[in-house]
2 protein chains.
Amino acid sequence: MTATNTREQIIVAADVLFYQQGFDHTSFANIAEAVNISRGNFYYHFKSKDQILSAVISLRRSNTHLMLKEWELSTERPERRLLNFIQILQVNHDKILRYGCPVGTLTTELLKLSHPASNEAKMIFTLFRTWLRRQFSEMGHKSDSDNLAMQLLIQSQGIATLANAFNDAEFLNKQVSQLQQWLDDLSTEMK
Amino acid sequence: MTATNTREQIIVAADVLFYQQGFDHTSFANIAEAVNISRGNFYYHFKSKDQILSAVISLRRSNTHLMLKEWELSTERPERRLLNFIQILQVNHDKILRYGCPVGTLTTELLKLSHPASNEAKMIFTLFRTWLRRQFSEMGHKSDSDNLAMQLLIQSQGIATLANAFNDAEFLNKQVSQLQQWLDDLSTEMK
DNA sequence: GTCTATATAATGATAGAC
DNA sequence: GTCTATCATTATATAGAC
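Note that the structure is predicted; figures quoted are calculated from it, not measured. (Residues numbered from 1 in each chain as written. Chains lettered and ligands numbered in written order. Predicted model: local features only at pLDDT ≥ 70, side-chain atom pairs only at ≥ 80, totals over all residues. Heavy atoms only, no water.)

Q: Got a minute to help me understand the domain arrangement of chain A in this structure?
A: Interfaces are often described in size by the accessible area the parts lose on coming together. Residues and elements named next belong to chain A. Taken domain by domain, chain A comprises domain 1 (1–47) and domain 2 (50–189). The centre of domain 1, based on its C-alpha atoms, is set 26 Å off from the matching centre of domain 2. Roughly 1,500 Å² of surface becomes buried between domain 1 and domain 2 when both sides are summed, with 72% attributable to carbon and sulfur atoms. Here domain 1 is connected to domain 2 by one salt bridge. (Domains from an automatic or database assignment. Buried area = accessible area lost by both parts, 1.4 Å probe. Salt bridge = Lys/Arg side-chain N within 4 Å of Asp/Glu carboxyl O.)

Q: Would you mind going over unusual backbone geometry with me for this structure?
A: Of all residues except glycine, most have a negative phi; of all peptide bonds, most are trans. Of note, the phi angle at Asn167 of chain A is positive, near 45°, even though the residue is not glycine. You can call Asn167 of chain A exposed: its relative accessible area is 53%. The phi torsion at Ser114 of chain B lies on the positive side, around 50°, for a residue other than glycine. Looking at the element boundaries, Ser114 of chain B is found in the loop between helix H7 (102–112) and helix H8 (118–138). Judged by its relative accessible area of 63%, Ser114 of chain B falls in the exposed class. (Buried < 20%, exposed > 50% of the residue type's maximum accessible area, 1.4 Å probe, protein only. Helix = DSSP H or I, 4+ residues; strand = E, 2+ residues; numbered from the N terminus.)

Q: Any chance you could explain the relation of the copies chain B and chain A here in plain terms?
A: One copy of the chain maps onto the second through a rotation around an axis plus a translation along that axis. Superposition record for chain B on chain A: RMSD 0.0 Å, screw rotation 180°, translation along axis 0.0 Å. Here the two chains are linked by the operation of a two-fold rotation axis. Considering only C-alpha atoms, the part of chain B nearest the rotation axis is Gly158 of chain B, at 2.1 Å. The fraction of interface residues of chain B whose copies in chain A are also interface residues reaches 100%, indicating that both copies meet through the same surface. (Least-squares fit on C-alpha atoms with pLDDT ≥ 70 in both. Contact = heavy atoms within 4.5 Å.)

Q: Honestly, helix H1 (residues 3–21) of chain B in this entry has me stumped. Any pointers?
A: Note: α-helices contain 3.6 residues per turn, so residues at a spacing of three or four share the same orientation. All names here are of chain B. Relative to the 27 Å expected for 19 residues at 1.5 Å per residue, H1 spans 26 Å between its end C-alpha atoms, a close match to the ideal helical length. Every buried residue of H1 is listed here: Thr6, Ile10, Ile11, Ala13, Ala14, Asp15, Leu17, Phe18 and Tyr19. Just downstream of H1, Gly22 is the residue with a positive phi angle, here 95°. (Expected span 1.5 Å × (residues − 1).)

Q: Is there a simple way to think about the packing of helix H9 (residues 118–139) of chain A against helix H10 (residues 145–166) of chain A in this case?
A: All names here are of chain A. Packing of H9 against H10 brings their axes to within 8 Å, and their N-to-C directions diverge by 130°. Judged by the inter-axis angle, H9 sits oblique to H10. By crossing handedness, the relation of H9 to H10 is classed as right-handed. Contacts from Phe125, Phe128, Arg129, Leu132, Arg133, Phe136 and Ser137 of H9 reach H10 at Ser145, Asp146, Leu148, Ala149, Met150, Leu152, Leu153 and Gln157. A class-by-class count of the residues in the contact of H9 with H10 yields nine nonpolar, three polar and three charged. (Axes fitted to C-alpha atoms, helices over the stretch in contact; angles between N-to-C directions. Parallel < 35°, antiparallel > 145°, perpendicular 65-115°, else oblique. Left-handed = near helix turned anticlockwise from the far one by under 90°. Nonpolar A, V, L, I, M, F, W, Y, C, P; charged D, E, K, R; others polar.)

Given below as structure tokens:
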């Protein structure tokens, strides 16, 4: 197996496990089992657990960045782009119910651990915030674009947390519909 | 030191530490240091770490129950009672910024750990949900009382998560004001 | 690049003296 | 009721053979 290959596999496996079990609770043994390598082999690719976390957060940041770019290229209409954001909750329906929002839960955990990487994790929120703000601005909501961006983040975080807590699929579907309606009202309002 | 006294102290110290550091990350050594007892003495009062968690959740449930009772006795007007709920975010301002919402963060963590006590933790959400529903119902919003209760929970969870992530006091204050305005509109709407 | 074997520290938990 | 001493287990991390 090539070096980059194994390294990539470790990052991807850690990404999933950190999401499902949390960072602190996930051990090298867990990741090693998922990738099918020995624990000792780890330290050829990463010097510490924190370095794996760094790599995972970098991956998430770049994936998020790519996703937002794609949404921007897929259509000229900002309302359509924003619809993509809302539909993350729908697309990742089952994962949200079981594990909540990957961005929110990781950031919250790292903050409680007083982990230095919490700032890096937070940047994913900032990525979304800036992108959302730009879409609202393009929609014509110049002056309150940041407020609207934060409203959408608040909603998605709250919905994910409660859908997870209550393990309620119907609730999740209903809230996504209400969010879509909110966005619709907001765009017709500007015409 | 009497048995109940030390036992109470352990529960209270664990309550704080679980909130600040998370359940999994908090060790007996941490709690022992806070209470100023030896690690061995623990097992006279609790058979396991899970039993301490159980006691902490029970305490939180009973405290929440008491608080809601008090709010109900303090005024006959449901809008005033609901205002108390919104103002938790204001009253616990600094804690929210540093550690997020105690109910949401514990429930989320226990779900990720697949911990059997997650259901008990979830009950605190249910306590709020039922209480909020009753207030909205008394306000005249009979048919959509549960939806409104969940809207308020969504907002408070989302606001707490993002205020924590961005460590933004101004954001928190502003969102509390907006929630109060939302509640105000909702109550004048019924007159 | 990957393995086995091992060092080291911390964890939850127990036993028994006082 | 509280302590010290200790056990078993797990964790991150290292050393060195292949």
